[in-house]
Amino acid sequence: MSYSIGIDYGTASVRVFLINTTNGQVVSKFVKPYTHGVIESELNGLKIPHTYALQNSNDYLEIMEEGISYIVRESKIDPDNIVGIGIDFTSSTIIFTDENLNPVHNLKQFKNNPHAYVKLWKHHGAYKEAEKLYQTAIENNNKWLGHYGYNVSSEWMIPKIMEVMNRAPEIMEKTAYIMEAGDWIVNKLTNKNVRSNCGLGFKAFWEEETGFHYDLFDKIDPKLSKVIQDKVSAPVVNIGEAVGKLDDKMAQKLGLSKETMVSPFIIDAHASLLGIGSEKDKEMTMVMGTSTC
């Protein structure tokens, strides 16, 4: 008998599930709120704008380690029978890291700088940048904007990157990689630097056929294209494929087999489509979550 681990990273808490792959039964589950919660009114005693919604990425690893330890212990199964790990995450929730994938908010000099922290999906600090992206795309008749409902949201990745470029260049200078937090978890598990086609395609103006829309980025700021190219662009793994096996050190830390496979992260709402089975033309799934409220 084989099992799989599913980890659902939500807005306020994380759920870790152990699933029987034969029948889909939930064998064990673990739920825990983030230690630092959602950082919205103040950061380390300092007030931050009401449009901000940040998180501390150390919470992500902490709960993952606690949760996996709990479900393996509680279920009393052999870890060698766990064949895979799947991650879903709120999006666009983005993280800024150094060349070793360590979050820049852990650097002492940035402890009190809100732009160093994870920008949660509902962070709206980049509303001016989103408006500039939208107006520039409309003026240049970028018809591909129709894929996004002819809209640009301040919740998406590119406006949030522009926000840091404009308001905290010292953070951008120290940043080697920018990615969805879901990608970061997968990369920490596998010791790789890849991106899910789900996060890029729906939140970062990336298309499988043409890649990123550098034509738009160049019209806004030539430095934006370089930031995307140097810090965001990476090998892309499609939903349904595998990123690879658990990194040896991570497998040891989690108490799992080194043969355990890891999938690319999927946006939380999109994961429900697969679970419900809505996959054909004219089939529709309504996903009720925090953003609906």
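Every value quoted in this text rests on a predicted model; they were computed, and no experiment measured them. (Residues numbered from 1 in each chain as written. Predicted model: local features only at pLDDT ≥ 70, side-chain atom pairs only at ≥ 80, totals over all residues. Heavy atoms only, no water.)

We now examine the overall build of the protein. Of regular secondary structure, the protein possesses ten helices and 17 strands. Over its C-alpha atoms, taken along the principal directions, the protein stretches across nearly 60 × 50 × 35 Å. Counting only residues that meet the buried cut, the protein has 51% of its 293 residues in that class. Long-range pairs, those at least 24 residues apart, make up 68% of the contacts in the protein with a sequence separation of at least 6. Carbon and sulfur atoms provide 50% of the accessible area of the protein, an area that totals close to 14100 Å². Mean positive and mean negative side-chain charge positions of the protein (30 and 37 charges, respectively) differ by 4 Å. (Helix = DSSP H or I, 4+ residues; strand = E, 2+ residues; numbered from the N terminus. Buried < 20%, exposed > 50% of the residue type's maximum accessible area, 1.4 Å probe, protein only. Contact = heavy atoms within 4.5 Å. Areas by Shrake-Rupley, 256 points an atom, 1.4 Å probe, with all protein chains shown as cover. Lys, Arg positive; Asp, Glu negative; His and termini not counted. Charge placed at Lys NZ, Arg CZ, Asp CG, Glu CD.)

With that settled, consider the packing of helix 2 (residues 127-139) against helix 3 (residues 157-167). For the pair helix 2 and helix 3, the least separation of the axes is 8 Å and the interaxial angle reads 115 degrees. The element helix 2 and its partner helix 3 pack so that their crossing is right-handed. Between helix 2, through Lys128, Glu129, Ala130 and Leu133, and helix 3, the contact on the second element is made entirely by Ile158, Pro159, Met162, Glu163, Asn166 and Arg167. Among the residues forming the contact of helix 2 with helix 3, the class breakdown is five nonpolar, one polar and four charged. (Axes fitted to C-alpha atoms, helices over the stretch in contact; angles between N-to-C directions. Left-handed = near helix turned anticlockwise from the far one by under 90°. Nonpolar A, V, L, I, M, F, W, Y, C, P; charged D, E, K, R; others polar.)

Moving on: the packing of aromatic side chains. Per the stated rule, a full pass over the model turns up twelve aromatic pairs. Residues phenylalanine 30 and tyrosine 70 carry aromatic rings whose centres are separated by 5.5 Å and whose planes lie at 45 degrees to one another, so their mutual orientation is tilted. Of this pair, phenylalanine 30 sits in strand 3 (residues 26-33) while tyrosine 70 sits in helix 1 (residues 58-75), and the two are 40 residues apart along the sequence. For phenylalanine 30, a relative accessible area of 15% puts it in the buried group. (Phe/Tyr/Trp six-rings, centres within 6.5 Å; stacked < 30°, edge-to-face > 60°.)

Note on backbone geometry: most residues besides glycine have negative phi, and most peptide bonds are trans. Residue serine 92 is bonded to the preceding serine 91 through a cis peptide linkage, with omega at 10 degrees. Positioned with a positive phi, lysine 76 is a non-glycine residue whose angle comes to about 60 degrees. Its identity is not glycine, yet asparagine 191 carries a phi of approximately 60 degrees, on the positive side.

Our focus in this paragraph is the side chain of serine 92. Inspection of the secondary structure assignment puts serine 92 in the loop between strand 7 (82-89) and strand 8 (94-97). Of note is the side chain of serine 92, whose polar atom sits 3.4 Å from the backbone nitrogen of methionine 157. Within the structure, serine 92 has its side chain in polar contact with the side chain of glutamate 180 (distance 2.8 Å). Not counting chain neighbours up to four residues away, the residues in contact with serine 92 comprise Lys119, Leu120, Trp121, Glu155, Trp156, Met157, Lys160, Glu180 and Lys203. (Polar contact = N/O pair within 3.5 Å; in protein donor to acceptor, adjacent residues only side chain to side chain.)

For helix 2, with 13 residues, the first-to-last C-alpha span of 18 Å sits near the 18 Å given by 1.5 Å per residue. Here the buried face of helix 2 lies against helix 3 and helix 7 (214-220). Downstream of helix 2 by one or two residues, asparagine 141 has phi in the positive range, about 55 degrees. (Expected span 1.5 Å × (residues − 1).)

Attention shifts here to the nonpolar core. Counting 43 residues, the largest nonpolar core has Ile5, Ile7, Tyr9, Ile87, Ile185 and Leu189 as the members making the most contacts within it. Those elements giving two or more residues to this core turn out to be strand 1 (3-9), strand 2 (13-20), helix 1, strand 7, helix 5 (181-190), helix 9 (248-254) and strand 17 (266-267). Here the element with the most residues in this core is helix 1; it accounts for seven residues. Ignoring sequence-local partners within four residues, the contact set of isoleucine 7 consists of Val14, Arg15, Val16, Met64, Ile68, Ile85, Gly86, Ile87 and Asp88. Trp156, Ile158, Trp206 and Val232 belong to the second-largest nonpolar core, a separate cluster that totals 41 residues. (Core = buried A, V, L, I, M, F, W, Y, C linked by side-chain atoms within 4.5 Å.)

It is worth spelling out the environment of arginine 15 at this point. Looking at where arginine 15 falls in the secondary structure, it is placed in strand 2. By relative accessible area, which is 21% here, arginine 15 ends up partly exposed. Placed 14 residues apart in sequence, arginine 15 and lysine 29 show a C-alpha to C-alpha distance of 7.0 Å. Discounting residues that sit within four places of it in the chain, arginine 15 has contacts with Gly6, Ile7, Asp8, Gly10, Phe30 and Val31. Here aspartate 8 takes part through its side chain, which lies 2.7 Å from a polar atom of the side chain of arginine 15. Of note is the side chain of arginine 15, whose polar atom sits 2.7 Å from the side chain of serine 13.

Turning our eyes to something else, we now look at a nonpolar patch on the surface. A cluster of nonpolar residues, Met284, Met286 and Met288, forms a patch on the protein surface that exposes about 430 Å² of accessible area. As for its position among the elements, methionine 284 is in the segment after helix 10 (268-276). (Patch = residues over 30% accessible without salt bridge, like charges linked within 9 Å, V, L, I, M, F, W, Y side chains within 5 Å. Salt bridge = Lys/Arg side-chain N within 4 Å of Asp/Glu carboxyl O.)

Examined against the element boundaries, serine 57 turns out to sit in the loop between strand 6 (54-55) and helix 1. Discounting chain neighbours no more than four positions away, the residues touching serine 57 are Ile95, Pro103, His105, Val118 and Trp184. Separated by 2.8 Å, the side chains of serine 57 and histidine 105 make a polar contact.

This part takes up the environment of asparagine 44. With respect to the helices, strands and loops of the structure, asparagine 44 is situated in the loop between strand 4 (42-43) and strand 5 (46-47). Residues asparagine 44 and asparagine 141, spaced 97 residues apart in sequence, show a C-alpha to C-alpha distance of 44 Å. Not counting residues up to four positions away in its chain, the partners in contact with asparagine 44 are Lys111, Asn112 and Tyr117. In this structure the side chain of asparagine 44 is engaged in a polar contact, spanning 2.9 Å, whose partner is the side chain of asparagine 112.

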